[in-house]
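Here's the letter readout for the chains.
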Amino acid sequence: MSHHDHPSLDPVAALRDAGLRVTAPRVATLAVVAEHQHADADVIASAVRERLGSVSHQAVYDVLRALTEVELLRRVDADGRRAVYELHRHDNHHHLICRVCGRLEDVPCAVGEAPCLHPHSQHGFELEVAEVLYRGVCPECRAAQAHVPAGT
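Described in the following lines is the structure provided in the data block. (Residues numbered from 1 in each chain as written. Predicted model: local features only at pLDDT ≥ 70, side-chain atom pairs only at ≥ 80, totals over all residues. Heavy atoms only, no water.)

**With respect to the overall build of the protein chain**
(1) Moving on: Counting secondary structure elements, the protein chain contains 5 helices and 6 strands.
(2) Moving on: Counting from the amino terminus, the protein chain carries its helices and strands in the arrangement α-α-β-α-α-β-β-β-β-β-α.
(3) Moving on: Its C-alpha atoms put the protein chain at 55 × 45 × 25 Å along the principal axes.
(4) Moving on: Relative to its 152 residues, the protein chain shows a buried fraction of 35%.
(5) Moving on: Sequence separation of at least 24 residues holds for 46% of the intrachain contacts in the protein chain that already meet a minimum separation of 6.
(6) Moving on: Of the roughly 9,500 Å² of accessible surface on the protein chain, 52% is carried by carbon and sulfur atoms. (Helix = DSSP H or I, 4+ residues; strand = E, 2+ residues; numbered from the N terminus. Buried < 20%, exposed > 50% of the residue type's maximum accessible area, 1.4 Å probe, protein only. Contact = heavy atoms within 4.5 Å. Areas by Shrake-Rupley, 256 points an atom, 1.4 Å probe, with all protein chains shown as cover.)

**Topic: the sheet that holds strand β2 (residues 73–76)**
(1) Moving on: Taking strand neighbours across the sheet as the criterion, the 3 strands line up as β1-β3-β2 in an open arrangement whose pairing is antiparallel. Each having just a single partner strand, β1 (39–40) and β2 make up the two edges of the open sheet.
(2) Moving on: Sheet topology places β1 next to strand β3 (residues 84–87); 2 bridges connect them, and they run antiparallel. Its bridge partner being in β3, A39 is matched across the sheet by Y85.
(3) Moving on: Contacts between helix α2 (residues 24–35) and the sheet are confined to β2 and β3, with β3 contributing the most and set at about 95° to the helix. (Pairing = 2+ DSSP bridges. Axes fitted to C-alpha atoms, helices over the stretch in contact; angles between N-to-C directions.)

**Observations regarding the nonpolar core**
(1) Moving on: L30, I44, L64, L67 and L73 are the most contacted members of the largest nonpolar core, which totals 22 residues.
(2) Moving on: Contributions of two or more residues to this core are made by α1 (11–17), α2, α3 (41–52), α4 (57–69) and β3.
(3) Moving on: Per-element accounting of this core gives the leading share, 5 residues, to α3.
(4) Moving on: For L73, the contacting residues outside a window of four places in its chain are L30, V33, L64, L67, T68, Y85, E86, L87 and H88.
(5) Moving on: Counting 5 residues, the second largest nonpolar core, distinct from the first, contains V76, A78, I97 and L104. (Core = buried A, V, L, I, M, F, W, Y, C linked by side-chain atoms within 4.5 Å.)

**Remarks on the sheet that holds strand β6 (residues 133–136)**
(1) Moving on: Judged by pairing direction, the sheet is mixed, and its 3 strands sit side by side in the order β5-β4-β6 without closing on themselves. Strands with a single pairing partner mark the edges of an open sheet, and in this sheet they are β5 (104–107) and β6. Pairwise comparison of adjacent strand axes, ignoring direction, gives a mean angle of 25° for this sheet.
(2) Moving on: When strand β4 (residues 94–98) meets β6, the two strands line up parallel, connected through 4 bridges. Bridge pairing in β6 places I97 opposite R135.

**Observations regarding the pattern of salt bridges**
(1) Moving on: All chains considered together, the criterion is met by 9 salt bridges.
(2) Moving on: Salt bridges sharing partners connect three or more residues here, namely D40, D42 and R82. (Salt bridge = Lys/Arg side-chain N within 4 Å of Asp/Glu carboxyl O.)

**Looking at the layout of surface pockets**
(1) Moving on: The calculated volume of the largest pocket comes to roughly 240 Å³.
(2) Moving on: For the largest pocket, the full set of lining residues is E71, R74, H88, H90, D91, N92, A114, E128, V129 and E131.
(3) Moving on: Here the lining of the largest pocket is composed, by residue class, of 2 nonpolar, 3 polar and 5 charged.
(4) Moving on: Put simply, the second largest pocket is a space of about 170 Å³.
(5) Moving on: Around the second largest pocket, the lining residues are D40, A41, D42, Y61, L64, R65, T68, E69, R75, R82, A83 and Y85.
(6) Moving on: Where the lining of the second largest pocket is concerned, the elements lending two or more residues are α3 and α4.
(7) Moving on: Residue contributions to the lining of the second largest pocket peak at 5 residues, all from α4. (1 Å grid on protein atoms, 1.4 Å probe; cavity = no way out; pocket = protein on both sides within 12 Å on 5 of 7 lines; lining within 4 Å. Points joined across faces, edges and corners; volume = space filled by probe spheres on them. Nonpolar A, V, L, I, M, F, W, Y, C, P; charged D, E, K, R; others polar.)

Following this line, the structure appears as structure tokens:
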């Protein structure tokens, strides 16, 4: 379904490697995020409920938090919009966001090694990651803006 050519994920193996107990909600949540990169928590919760039926939205939020803490998932806070989730690839990539529709796309970083950007001063911090958000208007929204009929 996804237009990214990421390797397929084995949720059970991923959970075991991260030292987490393998539970149906965790497996389903990982699988849903793998299929729907950049979905928000509500979308993910609905998809997990479709698969499992009996899971509360709150339970899915708790799973998202747990999976983010162990870095199986990466939470992307974009522009005051709802946070969205993606599989954590540890590749320090960045994101493009459309300010009109909110579409989010992955952008590889220039250098490849995290952190791929270095500030003028690190204030004694040991840097681990650099996150960049490129803002603009996606092709679909630009086309729609160009085709607004007069007088509407």
